[in-house]
2 protein chains.
Amino acid sequence: MPMLPGLMQDAPLSIIDILRYAAVAHARQEIVSRNVDEPLWRYDYTSALDRTAQAAHWLTGLGIVAGDRISSLAWNTHRHFELFFAVPGIGAVLHTANPRLPDEHLIFTINHAGSRVLLLDRNMVEIVERIRPQLTSVEHVVLLTDAERTLPEWIGYEAAIADQPTNYDWPVPDENGGAFLCYTSGTTGDPKGVLYSHRSVVLHGFAAGLSGALGFSAFDVVMPCQSLYHATAWGLPFAGAMNGVKFVFPCDKFDGASLQELIRDESVTFSGGVPTIWTMYLDHLARTGGTPGSLKRVVIGGSAVPRDMAEAFETLGVKVQQIWGMTETSPLGVISTPTPAVAALGQGEENEIIWTRQGRMQFGIELRIIDDAGKPLPHDGEQSGALLVRGPWVLKRYYRAEAPAIDADGWFDTGDICTIDPYGFMRITDRKKDVIKSGGEWISSIDLENAAAGCPGVKVAAVAGVYHPKWEERPIMLIERHDGADVGEETIRAHLAGHVAKWWMPDRIFFESVPLTATGKIDKKVIRDRHADALK
Amino acid sequence: MPMLPGLMQDAPLSIIDILRYAAVAHARQEIVSRNVDEPLWRYDYTSALDRTAQAAHWLTGLGIVAGDRISSLAWNTHRHFELFFAVPGIGAVLHTANPRLPDEHLIFTINHAGSRVLLLDRNMVEIVERIRPQLTSVEHVVLLTDAERTLPEWIGYEAAIADQPTNYDWPVPDENGGAFLCYTSGTTGDPKGVLYSHRSVVLHGFAAGLSGALGFSAFDVVMPCQSLYHATAWGLPFAGAMNGVKFVFPCDKFDGASLQELIRDESVTFSGGVPTIWTMYLDHLARTGGTPGSLKRVVIGGSAVPRDMAEAFETLGVKVQQIWGMTETSPLGVISTPTPAVAALGQGEENEIIWTRQGRMQFGIELRIIDDAGKPLPHDGEQSGALLVRGPWVLKRYYRAEAPAIDADGWFDTGDICTIDPYGFMRITDRKKDVIKSGGEWISSIDLENAAAGCPGVKVAAVAGVYHPKWEERPIMLIERHDGADVGEETIRAHLAGHVAKWWMPDRIFFESVPLTATGKIDKKVIRDRHADALK
């Protein structure tokens, strides 16, 4: 289409510009960080930019150039935050390795990234000593620790950057150049790398900051409890700094007491993470009689929000919202913030929608649901289909892959099955591979889990389809009880009867611990393998 | 810099995508519009997209293709809103002509744009009949009116689009392609065209929606009282639709009673515009004893906010914020939303900063102040210098100009003189051409005006420098009184004595009406010409 060329500036979107902005516009805003066995760190955006410049000088001095990859094995700390800007700032790529992966996958990702430098937190030393001999590209291994706590024969980050200049002549990047490399942790096959660009990160940061998504303001105190190594923690470092929030980084101290200490002492208003963490937090409050103080919002992703958790937070004056996304979507897909149309239904119905849908559509990422024939389905909240997404922060191809990950029209198949309602809210009814095909009809394993999770005494419920001689597949259920709870099969069945169709009732219920993947999700593959013969 | 190519989607930013998003994610959200002598119009985003598609089909049917220009001479209405999406949607460029320009400038802009179609509101017929013979490129002239009110021998918009299909296969634009052509109304020389691209408009929309700027949510009801033909009314149509706001368009009915009717009936929460409109509105409330009801925020741009206006709104529970920008900056430059650092100073000091600064820095547009030698000045709130700006929604060149409008590093000289304080707030102390050079020292005409405007009885104060035989230039002041006020020279001088340095005192004070430019700003050139010999 031969358009008239626009005459606005050719200014590429650049990640370091976010921190440079915060350092002048929110100069004295605080950043507080726990670290592995160090005192609480406290500084401001201006100092963070100074130290980011020092890190950039140090990396450049090591011979790191644009296009190189660097791996971090690090928790949610201020040093990791600095690397989020220093590495893309010099045109290099930060691979945020996932320490929860099995050794073989961790080694695979670092070698696949071809990283020249590996930076790790102190309590990852054991892992790195174990895998080091198999790392094929790493030239420098550096401990993210202060000078006095650096182990003998290791290089420490603080010592390395200490004498570097505090300003850096940041190059202007190609906005489509790579900035972050995040691997998915598929339960089958090798992990796959998603290579975020400066453009995708900045656009995602803009979108994530809007009121319909995270809605940050400079008055927010944001404590990311989702890992920085998971899809850049929903892009919080970028959306947060763009909006001048105060950051509170909890390192890897996600137990209830540690979180509560930071929430109270630092006046945290916003946090987010997987449900497990918030279960621990609510348990802690219940045990100690504590209150969440300034905490206003908890955004929960990774798996569905248990209703009793949402209600418990509601009672404490904290809004719970869901978020859905994938590494492949940077990760913002949808988030369950209210709209006037939903609010008009009344508080009860609003809560129902906010708590049971993954979220509503956000500008910048298109959603489409299609049936088996590829035909788009209506947004009626009833018909479920395969969820496709498209947009500037959705991947087009995995790193080092030859085939595109999207179809000819740009749609990426998420592997999720969902509905979209007339209010624009999306609800995942299953993973494509987890939906249970019983006699030609579909049973949603997630709906079954949610129903069971609402039964008092149930900590986690997991459902999977296993082979059945007559119906092809039938659901089985695993129940993990809360400590001290004695809920039994009869109670579960009675509870389910009130919530799901009779033919959805699981054929077997097992009381045992639920296996989780490296990212904390229910590992259905393990369940299917473990109970493959349960209904034979 | 040879970076690793990122692997995210090559999805161009596109203006029509904003409305397409709102039409699915906020389908039933209302858009209400006054129109010239028609009943109130009321529909929703889905219908707006349908009609936008119809307009696109109609334009395509006229032979309009990508790259063509179309001029609008229109007020703030739903039809103008539709053109904001339909025209860029087909890859063409919307030139939003300014009906307040003198004929000669209006003719110049339409011819300079080379527009093939001219769409006008009914009360612009007289203008168009007058200038039509001098329009060199216009092939079609269309009235933005319904079928029954179309004048004989005119084509009406409603009749034209009525039978068109309600969906359109929107092409994917080059994001750097032109979308809007807005002319500056310089007081000297021909107007200059700024050609916004899809990219600049979408990025600006993201930034404008953030909490530190306009901070829109789907719960906002936004009534733009700045003209759509002025730099796309701060980009409100885009930032608003991205966030799913309800829009209320007031047409050209900016009198107090008309605004109050919409504010009360439609539960308006947000509005913005030049101070003149809000003076009329506050007068109306004072006369009628009305209250602003749901109105929460009024953002004022174009000229400085009079303190008594800010205080009057404060008393009524409405926050007043300033915004600064130019046609050349799309227009968002800075906006005076509070930060924690400013709030920590206490409400009095916060108000002082919010009301007396143009605003604080926003992510995406860099600010720099330099001295006469081009050296950057510190952000101390004291030293004033020439304001330069840079970023993806700042122009690089005027339309059909050969020379760039920016320097080699991308900086655009705004022509304003300002300070930036340590909190990141910018305060304009003068226009470069208006600053008064008295014996080698600078006097801020704006500071003098603001000081005088605080004197009871003063409606508008204007200050300009005129020739002085001894001091080179000295200030003179024009005072326009409120109806019925009898404030005199002695009172003004006594008031000024408490606010400005003695040597800033104007040499002469005239009580007469203040000349305004076509955009409602004080026309200092006219004042300087009128009183050129005042101090000889």
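For every chain, the first residue of the written sequence is number 1, and numbering continues from 1 onward in sequence order. All chains are assigned letters beginning at A, and all ligands numbers beginning at 1, according to the order in which they are written. Reporting in this predicted model follows two pLDDT cut-offs: at least 70 for local features of residues, and 80 or more for side-chain atom pairs to be given and counted; totals over whole chains, interfaces and linings ignore these cut-offs and use all residues. For the side-chain quantities, the full set of heavy atoms in the structure was used; hydrogens and water were omitted.

S.K.: Help me understand the overall build of chain A, please; the structure alone is not making it clear to me.
M.R.: Scanning chain A from N- to C-terminus turns up 17 helices and 25 strands. Rg of the C-alpha trace for chain A: 23 Å, near the compact-globule value of 24 Å for 536 residues, within the 12% margin. A simple rule labels every residue: compare its accessible area, found with a 1.4 Å probe on the protein chains alone, to the largest value its type can have, and call it buried under 20%, exposed over 50%, or partly exposed in between. The proportion of buried residues among the 536 residues of chain A is 61%. Should any heavy atoms of two residues lie within 4.5 Å, those residues are considered in contact. Counting contacts in chain A only where the partners sit at least 6 residues apart, residues at least 24 apart contribute 66% of the total. Each accessible area is a Shrake-Rupley estimate made with a 1.4 Å probe; only the visible protein chains count as cover when residues are assessed. Carbon together with sulfur atoms contributes 50% to the accessible area of chain A, which is approximately 19,300 Å² in total. In this charge count, Lys and Arg are treated as positive and Asp and Glu as negative; neither His nor the chain ends contribute. Positions of charges follow a simple convention, taking NZ of Lys, CZ of Arg, CG of Asp or CD of Glu. The distance from the centre of the 49 positive side-chain charges to the centre of the 66 negative ones in chain A is 2 Å. Segments assigned H or I by DSSP are reported as helices when at least four residues long, segments assigned E as strands when at least two residues long, and all are numbered from the N terminus. With C-alpha atoms as the basis for the radius of gyration, the globule rule is written as 2.2 Å multiplied by the number of residues raised to the power 0.38.

S.K.: I'm lost on the interface of chain B and chain A in this one. Help?
M.R.: A common way to express how large an interface is: the accessible area buried when the components associate. Tallying the contact residues gives 81 residues for chain B and 81 residues for chain A. Residue D10 of chain B is joined to K396 of chain A by a salt bridge in which the shortest nitrogen-to-oxygen separation is 3.0 Å. If you list the elements that add at least two residues to the side of chain B that touches chain A, you get α1 (16–25), β9 (192–197), α7 (198–209), α13 (340–343), β16 (359–361) and β18 (385–390) of chain B. Sorting elements by how many residues they give to the side of chain B that touches chain A places α7 of chain B first, with eight residues. Classes in brief: Ala, Val, Leu, Ile, Met, Phe, Trp, Tyr, Cys and Pro nonpolar; Asp, Glu, Lys and Arg charged; the others, Gly included, polar. Residue composition of the side of chain B that touches chain A, by class: 46 nonpolar, 22 polar and 13 charged. Counted as salt bridges are all cases of a side-chain nitrogen of Lys or Arg within 4 Å of a carboxyl oxygen of Asp or Glu.

S.K.: Sorry, what's going on with the relation of the copies chain B and chain A here?
M.R.: One chain copy maps onto the other through a rotation about an axis and a shift parallel to that axis. All copies are superposed by least squares; the fitting set is the C-alpha atoms of residues with a pLDDT of at least 70 in both. Mapping chain B onto chain A calls for a screw motion: a turn of 180° about the axis and a shift of 0.0 Å along it, with 0.1 Å RMSD after fitting. Both chain copies can therefore be described as sitting about a two-fold axis. When each C-alpha of chain B is compared by its distance to the rotation axis, L210 of chain B comes out closest, at 2.7 Å. A share of 100% of interface residues in chain B that are also interface residues in chain A marks the association as one of identical surfaces.

S.K.: Got a minute to help me understand the packing of α1 of chain B against helix α3 (residues 78–89) of chain B in this structure?
M.R.: Working note: a packed helix pair is described by the angle between its axes plus the distance between those axes. All names here are of chain B. Note on geometry: axes are lines fitted to C-alpha atoms, helical ones only across the stretch in contact, with angles between N-to-C directions running from 0 to 180 degrees. Two elements in contact, α1 and α3, have axes separated by 8 Å at closest approach and are oriented at 125°. Put simply, α1 runs oblique to α3. Across the interface between the two elements, I16, I18 and L19 of α1 pack against F81, F85 and G89 of α3. Classifying every residue of the contact of α1 with α3 gives five nonpolar, one polar and no charged. The scheme is simple: roughly parallel for angles under 35 degrees, roughly antiparallel for over 145, roughly perpendicular for 65 to 115, oblique for anything else.

S.K.: Whenever I open this one, the environment of M426 of chain B confuses me. Can you help?
M.R.: Its place among the elements puts M426 of chain B in strand β20 (residues 425–431). By relative accessible area, which is 0% here, M426 of chain B ends up buried.

S.K.: So what exactly am I meant to see when it comes to the pattern of salt bridges here?
M.R.: Side-chain pairs of opposite charge can arise where the charged atoms are in close proximity. Summed over the entire model, instances satisfying the criterion amount to 73 salt bridges over all chains. The salt bridge involving R20 of chain A is made with D17 of chain A; its shortest N-O contact spans 2.8 Å. Here R20 of chain A pairs with D17 of chain A, and both are found in helix α1 (residues 15–25), just three residues apart, close to one helical turn. Here R20 of chain A falls in the partly exposed class, since its relative accessible area comes to 30%. Among the ionic pairs, K246 of chain B bridges to E266 of chain B, the shortest N-O distance being 2.9 Å. Here K246 of chain B, found in strand β11 (residues 246–249), pairs with E266 of chain B, found in helix α10 (residues 256–266); they are 20 residues apart in sequence, far enough to count as distant. Taking the relative accessible area as the measure of exposure, K246 of chain B reaches 10% and is therefore buried. Within the structure, one salt-bridge network assembled from shared partners comprises E38, R51, R79, E82 and E158 of chain A.

S.K.: Explain the pairing of strand β23 (residues 458–468) of chain A to me, please; I cannot follow it from the model alone.
M.R.: Residue and element names in this part refer to chain A. Of all 11 residues in β23, eight are buried, a share of seventy percent or more. Note on pairing: two strands pair once DSSP finds at least 2 bridges between them. Bridging between β23 and strand β24 (residues 472–481) involves 10 bridges; their strand directions are antiparallel. Residue pairing for β24: A464 is matched across the bridge by I476. What sits between the antiparallel neighbours β23 and β24 is a turn of three residues.

S.K.: Looking at this model, I keep getting lost on helix α10 (residues 256–266) of chain A. Mind explaining?
M.R.: Side chains of residues three or four places apart in an α-helix project in the same direction, reflecting 3.6 residues per turn. Residue and element names in this part refer to chain A. Of the positions making up α10, those classed as buried are G256, S258, L259, Q260, L262, I263 and E266. The inward-facing, buried residues of α10 contact β1 (30–35), β2 (38–44), β10 (221–224), β11 (246–249) and α11 (275–288). One or two positions beyond α10, positive phi appears at S267, with a value near 55°.

S.K.: What's the story with the sheet that holds strand β7 (residues 155–156) of chain A in this structure? I'm lost.
M.R.: Backbone-to-backbone hydrogen bonds pair the strands of a sheet. The strands run either parallel or antiparallel. Residues and elements named next belong to chain A. Spatial strand order, β7-β6-β5-β3-β4-β8-β9: seven strands in an open sheet with mixed pairing. The open sheet is flanked by β7 and β9 (192–197), the only strands paired with a single partner. One ladder, built from four bridges, connects strand β5 (residues 117–120) with strand β6 (residues 140–143); its direction is parallel. Each bridged residue has a counterpart across the sheet, and for L118 the counterpart in β6 is V141. With respect to the sheet, helix α4 (residues 103–113) is in contact with β3 (69–73), β4 (93–96), β5 and β8 (178–184), its orientation differing from that of β8 by roughly 155°.

S.K.: Please clarify how the environment of R34 of chain A should be interpreted in this entry.
M.R.: All names here are of chain A. Mapped onto the fold, R34 is located in strand β1. You can call R34 buried: its relative accessible area is 14%. Once residues lying within four places of it in the same chain are set aside, the contact partners of R34 are L40, N76, T77, F249, P250, C251, K253, S258, E261 and L262. For the purposes of these results, a polar contact is taken to be a pair of N or O atoms within 3.5 Å, where, inside protein, one atom must be able to donate a hydrogen and its partner to accept one; residues adjacent in sequence count only when each atom of the pair is a side-chain atom. In this structure the side chain of R34 is engaged in a polar contact, spanning 2.8 Å, whose partner is the backbone oxygen of S258.

S.K.: Looking at this structure, I do not really get the sheet that holds strand β6 (residues 140–143) of chain B. What am I missing?
M.R.: All names here are of chain B. One open sheet accounts for seven strands, arranged β7-β6-β5-β3-β4-β8-β9; its pairing is mixed. In this open sheet, the two edge strands, each paired with only one partner strand, are β7 (155–156) and β9. With four bridges joining them, strand β3 (residues 69–73) and strand β4 (residues 93–96) adopt parallel strand pairing. Bridging from a neighbouring strand, R69 pairs with V93 of β4. In this fold helix α4 (residues 103–113) packs onto β3, β4, β5 (117–120) and β8 (178–184), with an angle of close to 155° to the strand it touches most, β8. Across the face of the sheet, α7 comes into contact with β8 and β9 while running at roughly 75° to β9.

S.K.: Help me out: how do you make sense of helix α12 (residues 307–315) of chain A in this one?
M.R.: Residue and element names in this part refer to chain A. Burial in α12 covers these residues: M309, A310 and F313. The buried residues of α12 occupy one face: seen down the axis, they fall within an arc of 100°. Packed against the buried residues of α12 are α11, β13 (297–300), β14 (319–325) and α14 (347–356). Within two residues after α12, G317 carries a phi angle of roughly 80°, on the positive side. In this description, the arc belongs to the directions extending from the helix axis to the C-beta atoms.

S.K.: Would you take a moment to explain the confidence of the model for chain A for this structure?
M.R.: For residues with low pLDDT, the predicted coordinates do not support detailed interpretation. What pLDDT conveys is the predictor's confidence in a given residue, as a value from 0 to 100. Across chain A, the average pLDDT comes to 94, with 99% of residues at or above 70. Overall fold confidence (pTM) sits at 0.92, and the ipTM for the predicted complex is 0.92.

S.K.: I would appreciate a short explanation of the packing of aromatic side chains in the present structure.
M.R.: Remark: the centre distance and the inter-plane angle together describe each pair of aromatic rings, the angle taken between the planes. Working definition: a ring pair exists when centres of Phe, Tyr or Trp rings (six-membered ring for Trp) sit within 6.5 Å. Plane angles under 30 degrees give stacked, over 60 give edge-to-face, the rest tilted. Taken as a whole and judged by the stated rule, the model has 39 aromatic pairs over all chains. When the ring of F84 of chain B is compared with that of F180 of chain B, the centres are 4.9 Å apart and the planes differ by 55°; the resulting orientation is tilted. Of this pair, F84 of chain B sits in helix α3 while F180 of chain B is found in strand β8, placing the two residues 96 residues apart along the sequence. The exposure class assigned to F84 of chain B is buried, which follows from its relative accessible area of 0%. With a centroid separation of 5.6 Å and 70° between ring planes, the pair formed by F85 of chain B and F238 of chain B is classed as edge-to-face. Highlighted residues: F85 of chain B in helix α3 and F238 of chain B in helix α9 (residues 236–242), separated in sequence by 153 residues. Ring pairs connect the aromatic residues F81, F84, F85, F180, F238, F247 and F249 of chain A, which therefore count as one cluster. Remark: a charge is flagged as sitting over a ring if the NZ atom of Lys or the CZ atom of Arg is within 6 Å of the ring centre and within 35 degrees of the ring normal. Above the plane of the ring of W41 of chain A lies R79 of chain A, whose end atom (NZ or CZ) is 5.7 Å from the centre.

S.K.: Where do I start with the side chain of H495 of chain A in this structure?
M.R.: Topologically, H495 of chain A is positioned in helix α16 (residues 489–497). Apart from the residues within four sequence positions on either side, H495 of chain A is in contact with A451, G454 and C455 of chain A.

S.K.: Would you mind going over the environment of F206 of chain A with me for this structure?
M.R.: Relative to the helices and strands, F206 of chain A is located in helix α7 (residues 198–209). Overall, the relative accessible area of 1% leaves F206 of chain A in the buried class. Measuring from C-alpha to C-alpha, the distance between F206 of chain A and V394 of chain A comes to 15 Å, with 188 residues separating the pair along the chain. Those residues in contact with F206 of chain A that sit more than four places away from it in its chain are M242 of chain A together with L203, F206, A207, L210, F363 and W393 of chain B.

S.K.: Help me understand the packing of α10 of chain A against α11 of chain A, please; the structure alone is not making it clear to me.
M.R.: Residues and elements named next belong to chain A. Across the interface, α10 lies against α11 with an axial gap of 8 Å and an inter-helix angle of 80°. Regarding the angle of α10 to α11, the classification is roughly perpendicular. Mapping the contact onto sequence places G256, A257, L259, Q260 and I263 in α10 and I277, W278, M280, Y281, H284 and L285 in α11. For the contact of α10 with α11, a count of residues per class yields eight nonpolar, three polar and no charged.

S.K.: So what exactly am I meant to see when it comes to the nonpolar core here?
M.R.: Most often, soluble globular proteins keep nonpolar side chains buried together rather than apart. Ranked by internal contacts, the top residues of the largest apolar core, which has 192 residues, are F180 and F206 of chain A together with F180 and F206 of chain B. With residues up to four places along the chain from it excluded, the contact list for F180 of chain A reads I15, F84, P88, V93, L94, T96, V194, L195, Y196, V201, T232 and F238 of chain A. Residues grouped as a nonpolar core are buried Ala, Val, Leu, Ile, Met, Phe, Trp, Tyr and Cys residues, joined through side-chain atoms within 4.5 Å.

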